[in-house]
Structure formats: structure tokens, C-alpha cells
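The chain contents come next:
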Amino acid sequence: AMALRGYALLKMGRVDEAKEYVGQARAAKPEDSLVQFTESMLLKAQGRKEEAARALHSASRMDPANPAIWAELANLLFNLGDYGTGEQALKLAVAAAPESADLRVAAAAFYVDRQFRLEEALVDSLEAVRLSGRRAESLSAPGWVPPLAGRSEGAGRPLETWVAVP
């Protein structure tokens, strides 16, 4: 409960208050993956990104099937400039939840945001469409391309072109 409270406070931007709850959670359950994850969010909010990455690595060893841990680790590693390990963490997030359309959209956005390996964004976008039961043409509908294309000039055109190919 303390870790979740701390996480909620972090999401609201109340870092100082969150620190107290995260500390209590850490004292009560130091080997809990949720506690480690929440502590990493606190460290990240404090600008201590390397320490946050270490906490996420620890959480990933405790709960290797948790896609949220891998996705957050991927984002953090990319922000630290470690693209290779970051992409590996992203692939582990997708592997941990291969049937999650939302995770596939997040993975596609991950690549588009960084203008990195956009072909992977195409693959993840189309897989998200398949998993959601929609038709590929729905990529051009609000809710699919806009979140991706809005982050990158011209990112929507390759998606639309690729989808249009029979």
C-alpha cells in the first residue's frame, strides 16, 4: 500500500511527499518488485537517473514478466544514451506481454519519439491493430497515427503507405 501511495503521489508531482511513502515501503519490503519500481520512479523524479536504472534492473530480476518494468527501463536507458540495452529492454517488455495492443502502441511511439528504427514502429503499430481486432485501415483513424505522427514530422506517411500496400 505504501509503494502504491508513493507512486500515486509521484504521478501527481508531489515528490517530497512520495519520498516518505517510498521509504516506508522500502523498509517494509526491500525485495518487492513494486517497491523497487516505485523507488526507481522517485529516483528518476529526483534526477538520479543512473540510480533509477539500477533500481529498475533489480526490479526486473525480481519480476522478469512485468512489462511495465521493462518499458520504463527501456525509456530510461534511451534517455541515458544506451540505445542498445534500451531497445533490448523494450523487446523484453513486448515479450512479457505479447498480446497487449496498448504495449505495442507504446513501443511504436517509443521508436517514433526518438526517430530511431522507424521500421520497428511500423511492425508494432500493425501488430497493435491485429491484436485489437481492427482493420489495418484504422491506422489512419484518430487514435492510431495521430499519437505517432504528431510526435514526428512525416511519421504518419510511411504508416499510411505501408498499410495501403495489399
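Chemist: If you had to explain the packing of helix 5 (residues 67–79) against helix 7 (residues 101–114) to someone new, which residues and values would you point to?
Modeler: Relative to each other, helix 5 and helix 7 sit at 0 degrees, their axes nearing to 12 Å. Judged by the angle between their axes, helix 5 and helix 7 are roughly parallel. Taken together, the residues of helix 7 that come into contact with helix 5 (itself represented by Pro 67, Ala 74, Asn 75, Phe 78 and Asn 79) are Leu 103, Phe 110 and Arg 114. Per-class residue counts for the contact of helix 5 with helix 7 are five nonpolar, two polar and one charged.

Chemist: If you had to explain the nonpolar core to someone new, which residues and values would you point to?
Modeler: Leu 56, Leu 73, Leu 90 and Phe 110 are the most contacted members of the largest nonpolar core, which has 33 residues in total. Elements that contribute at least two residues to this core include exactly helix 1 (2–11), helix 2 (15–28), helix 3 (33–45), helix 4 (49–62), helix 5, helix 6 (83–96) and helix 7. In terms of residue count, the dominant contributor to this core is helix 5 (eight residues).

Chemist: Please provide a residue-by-residue account of the packing of aromatic side chains, values included.
Modeler: Counted under the stated rule, the structure contains two aromatic pairs. Where Phe 78 meets Tyr 83, the ring centres are 4.7 Å apart and the plane angle is 65 degrees; that geometry is what we call edge-to-face. Since its relative accessible area comes to 4%, Phe 78 is described here as buried. Given a relative accessible area of 38%, Tyr 83 falls into the partly exposed group.

About the criteria used
- Residues numbered from 1 in each chain as written.
- Predicted model: local features only at pLDDT ≥ 70, side-chain atom pairs only at ≥ 80, totals over all residues.
- Heavy atoms only, no water.
- Axes fitted to C-alpha atoms, helices over the stretch in contact; angles between N-to-C directions.
- Helix = DSSP H or I, 4+ residues; strand = E, 2+ residues; numbered from the N terminus.
- Parallel < 35°, antiparallel > 145°, perpendicular 65-115°, else oblique.
- Contact = heavy atoms within 4.5 Å.
- Nonpolar A, V, L, I, M, F, W, Y, C, P; charged D, E, K, R; others polar.
- Core = buried A, V, L, I, M, F, W, Y, C linked by side-chain atoms within 4.5 Å.
- Buried < 20%, exposed > 50% of the residue type's maximum accessible area, 1.4 Å probe, protein only.
- Phe/Tyr/Trp six-rings, centres within 6.5 Å; stacked < 30°, edge-to-face > 60°.

It is worth stressing that arrangement in space is one thing and function is another; only the former is reported here.
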